[in-house]
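What follows is the residue order along each chain.
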Amino acid sequence: MSTWANLGLQDSASPLMEQLIFFHDHALLILVMITVLVGYLMFMLFFNNYVNRFLLHGQLIEMIWTILPAIILLFIAFPSLRLLYLLDEINEPSVTLKSIGHQWYWSYEYSDFNNIEFDSYMIPTNELSTDGFRLLDVDNRIVLPMNSQIRILVTAADVIHSWTIPTLGVKVDGTPGRLNQTNFFMNRPGLFYGQCSEICGANHSFMPIVIESVPTNYFIKWISN
Ligand code: CUA
């Protein structure tokens, strides 16, 4: 999870998020190069005394500064498209979790396992234990196995919500009357926190998501209880 003065992206817990971070760094590097170049040119213009009184057109430079930015944009567009299709790919999921957004809590259904279902409410600050995270912990966590493909089905019962977990690179809108799908693969154990990220009403900030990523045998033990 994000802690004090953590301004960048959180460490990834899935291969897709790792790719998203690589793409972010790649795009940022291109952005920095453009900013430095344009900044330098603008700065130097203020101290330039040369004047060309007969300058009316310049075909060559127009060609260069039209085609060059177009080529630079391709270097962002192609990796972006690659990532878009990579995120959309579903590879034979072994567990399916259905999450339903409500005002203002999430409820979950494990459709593969006897249709286990439960609600997941945020723990209020006055009931929080000393090792709990304020506005981030819930009473019933989602337990899911690490190192396996997991499919998430997202929907909502009242207004639009968004099931978002930064460390896993997951962000799917829960829309009433629709069933949206995404998938992820957790490559390490741990607690992964998320929040609703669609402005859904007065208590929008108070419907967090907590995933417990555990080894497969532990998950089987949990699910059979
Ligand atoms: Cu649910 Cu914001």
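Just so it is clear, the model here is predicted, and its values are computed rather than measured.

Trainee: Quick question: what am I supposed to make of the overall build of the chain here?
Mentor: In terms of helices and strands, the chain carries three helices and 10 strands. Tracing the chain from N to C terminus, the helices and strands come up as α-α-β-β-β-β-β-β-β-β-β-β-α. Compactness check: the chain gives a C-alpha radius of gyration of 24 Å against a globular reference of 17 Å for 225 residues, more than 25% above the reference. For the C-alpha atoms alone, the extent of the chain along its principal axes is close to 85 × 40 × 35 Å. Counting over 225 residues, the chain shows a buried share of 32%. Of the contacts made within the chain by residues no fewer than 6 positions apart, 64% connect residues no fewer than 24 positions apart. When the accessible surface of the chain is totalled, it reaches about 14600 Å², and 62% of it is carbon and sulfur.

Trainee: Help me understand the sheet that holds strand β7 (residues 170-174), please; the structure alone is not making it clear to me.
Mentor: The strands making up a sheet are joined through hydrogen bonds of the backbone, oriented either antiparallel or parallel. Reading across from one edge, β4-β10-β9-β6-β7 is the order of the five strands in this open sheet, with mixed pairing throughout. Each edge of the open sheet is held by one strand with a lone partner, namely β4 (142-145) and β7. Within this sheet the neighbouring strands show an average axis-to-axis angle of 25°, counted without direction. Sheet topology note: the β4/strand β10 (residues 209-214) ladder contains four bridges and is parallel. Along β10, the bridge assignment pairs I142 with I211. Along the sheet, helix α3 (residues 216-223) contacts β4 and β10; its crossing angle with β4, the most-contacted strand, is approximately 140°.

Trainee: I would appreciate a short explanation of a nonpolar patch on the surface in the present structure.
Mentor: On the surface, I34, L37, V38, Y40, L41, M42, F43, M44, F46 and F47 cluster together into a nonpolar patch covering about 1100 Å² of accessible area. Here F47 lies in the loop between α1 (15-46) and α2 (59-88).

Trainee: Sorry, what's going on with the pairing of β10 here?
Mentor: Where a strand is regular, its side chains alternate between the two sheet faces. Of all six residues in β10, five are buried; the element is thus mostly enclosed. With five bridges connecting them, strand β9 (residues 190-196) and β10 associate as antiparallel partners. Among the inter-strand pairings, G194 is bridged to a residue of β10, identified as I209.

Trainee: What exactly am I supposed to notice about the domain arrangement of the chain here?
Mentor: Reports of interface size often rely on the accessible area that becomes lost once the parts have come together. Looking at the chain, the domain boundaries give domain 1 (15-88) and domain 2 (95-224). With five residues of domain 1 in contact, the opposing surface of domain 2 contributes seven residues. Together domain 1 and domain 2 conceal approximately 430 Å² of surface at their shared face, both sides included; 54% is due to carbon and sulfur atoms. On inspection of domain 1 and its partner domain 2, the count reaches zero salt bridges. In this structure, the connection of domain 1 to domain 2 is made through zero residue pairs in polar contact (both at pLDDT 80 or more). Broken down by element, the side of domain 1 that touches domain 2 gets its largest block of residues, four residues, from α1.

Trainee: It is not clear to me how unusual backbone geometry should be interpreted in this structure. Could you clarify?
Mentor: Residues apart from glycine generally show negative phi values, whereas peptide bonds are mostly found in trans. At the junction of Q103 and W104, the peptide bond is cis and its omega measures out at 0° in the coordinates. Position of W104 relative to the elements: it lies in the loop between β1 (95-102) and β2 (105-110). A positive phi angle, near 50°, is found at N115, a position not held by glycine. Topologically, N115 is positioned in the loop between β2 and β3 (116-120). Residue N115 is classed as partly exposed on the basis of its relative accessible area, which comes to 36%. We note that N147 has phi near 55°; this positive angle belongs to a residue other than glycine. Within the fold, N147 resides in the loop between β4 and β5 (149-156). According to the relative accessible area criterion, N147 is partly exposed, its value standing at 48%.

Cut-offs applied
- Residues numbered from 1 in each chain as written.
- Predicted model: local features only at pLDDT ≥ 70, side-chain atom pairs only at ≥ 80, totals over all residues.
- Heavy atoms only, no water.
- Helix = DSSP H or I, 4+ residues; strand = E, 2+ residues; numbered from the N terminus.
- Rg over C-alpha atoms; globule rule 2.2 N^0.38 Å.
- Buried < 20%, exposed > 50% of the residue type's maximum accessible area, 1.4 Å probe, protein only.
- Contact = heavy atoms within 4.5 Å.
- Areas by Shrake-Rupley, 256 points an atom, 1.4 Å probe, with all protein chains shown as cover.
- Pairing = 2+ DSSP bridges.
- Axes fitted to C-alpha atoms, helices over the stretch in contact; angles between N-to-C directions.
- Patch = residues over 30% accessible without salt bridge, like charges linked within 9 Å, V, L, I, M, F, W, Y side chains within 5 Å.
- Salt bridge = Lys/Arg side-chain N within 4 Å of Asp/Glu carboxyl O.
- Domains from an automatic or database assignment.
- Buried area = accessible area lost by both parts, 1.4 Å probe.
- Polar contact = N/O pair within 3.5 Å; in protein donor to acceptor, adjacent residues only side chain to side chain.

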